[in-house]
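Residues per chain are reported as follows:
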Amino acid sequence: MTLDERYRLALEGLAQLYPNADTELIYHDPFSLLVAVVLSAQCTDKRVNMVTPQLMAHYPTPEAMARASVDDLLAFMGSVSYPNNKAKHLIGLSERITQKHHGIVPSTREELEALPGVGRKSASVMLAVCFETPAMPVDTHVYRVAKRIGLASSRATTPLAVEQALVKRIPQAQLIRAHHQLILLGRYICKARKPLCAECTLHACCRHYAVAAKKQSVG
């Protein structure tokens, strides 16, 4: 099987599984999405969605959050992972958005990555989800699934390398949807410890499934 064939079959299988894939983070404007994205680092979307409604009700704008203290924010987000660091990041990015961008969340990668707590993956999420700019954010799910299926080689040992492999082969018009589909596949089927291969539609192109099937036939 050529790599092009693997990608074609993978995209077809993902479309069958998740035809309407989208982010599971709850948000209502660019700032609330940015807050949710920062909170979601090494934390589940489910937990973040439990935190953000009250947090954003009290601090709905960058200006309001910039005036908050770490303790103020911790009263609402103490249950997320690394709450102290994330509270500091949220205050810092709110201050920068207020001072440098007139209270408007920036829409370019360079400006987003200049915000405290916003790395390449988080900036890519903002570009793809909020600004509908073709991007492939690579979180732990996308990284794992892409390598398992065989969309990225074993030599792709960093999120950036996996991102570059995916962007090279997936048509730009499909990048955003494919990102969401890969996340959902990794979250609910292609799990880290025990992938639920019986529930997957990617058997025809999945390198992991082919290896497992071969071992089972030999055994």
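Right above here is the structure, for reference.
The present account deals with the structure reproduced in this document. (Residues numbered from 1 in each chain as written. Predicted model: local features only at pLDDT ≥ 70, side-chain atom pairs only at ≥ 80, totals over all residues. Heavy atoms only, no water.)

### A word on the overall build of the protein
- If you tally the helices and strands in the protein, you get 12 helices and 0 strands.
- Across the protein, helices and strands are ordered from the amino to the carboxyl terminus as α-α-α-α-α-α-α-α-α-α-α-α.
- Computed over C-alpha atoms, the radius of gyration of the protein comes to 19 Å, within 12% of the 17 Å expected from 2.2 N^0.38 for 219 residues, which places it in the range of a compact globule.
- For the protein, buried positions account for 45% of its 219 residues.
- Partitioning the intrachain contacts of the protein with sequence separation of at least 6 by distance along the chain shows that 61% fall at a separation of at least 24.
- Taken as a whole, the protein presents about 11,400 Å² of accessible surface, with 53% of it coming from carbon and sulfur.
- Distance from the positive charge centre (26 side chains) to the negative charge centre (18 side chains) of the protein: 11 Å. (Helix = DSSP H or I, 4+ residues; strand = E, 2+ residues; numbered from the N terminus. Rg over C-alpha atoms; globule rule 2.2 N^0.38 Å. Buried < 20%, exposed > 50% of the residue type's maximum accessible area, 1.4 Å probe, protein only. Contact = heavy atoms within 4.5 Å. Areas by Shrake-Rupley, 256 points an atom, 1.4 Å probe, with all protein chains shown as cover. Lys, Arg positive; Asp, Glu negative; His and termini not counted. Charge placed at Lys NZ, Arg CZ, Asp CG, Glu CD.)

### Overview of the pattern of salt bridges
- In total, this model carries 6 salt bridges according to the counting rule given.
- A salt bridge links glutamate 24 to arginine 187; its shortest N-O distance comes to 2.4 Å. Here arginine 187 lies in helix H11 (residues 172–188) and glutamate 24 lies in the loop between helix H1 (3–17) and helix H2 (30–39), a separation of 163 residues in the sequence.
- Given the relative accessible area of 31%, glutamate 24 is considered partly exposed.
- Using a relative accessible area of 21% as the deciding quantity, one classes arginine 187 as partly exposed.
- A salt bridge links glutamate 113 to arginine 109, with the shortest nitrogen-to-oxygen separation between them at 3.3 Å. In this pair, glutamate 113 and arginine 109 both sit in helix H7 (residues 109–113), 4 residues apart, roughly one turn of the helix. (Salt bridge = Lys/Arg side-chain N within 4 Å of Asp/Glu carboxyl O.)

### A word on the environment of valine 37
- Mapped onto the elements of the fold, valine 37 is located in helix H2.
- Under the relative-accessibility criterion, valine 37 is labelled buried at 2%.
- For the pair formed by valine 37 and arginine 8, sequence separation is 29 residues and the distance between their alpha carbons is 30 Å.
- Not counting chain neighbours up to four residues away, the residues in contact with valine 37 comprise Leu25, Ser122, Val125 and Met126.

These results come straight from atomic positions and should not be treated as a statement about function.
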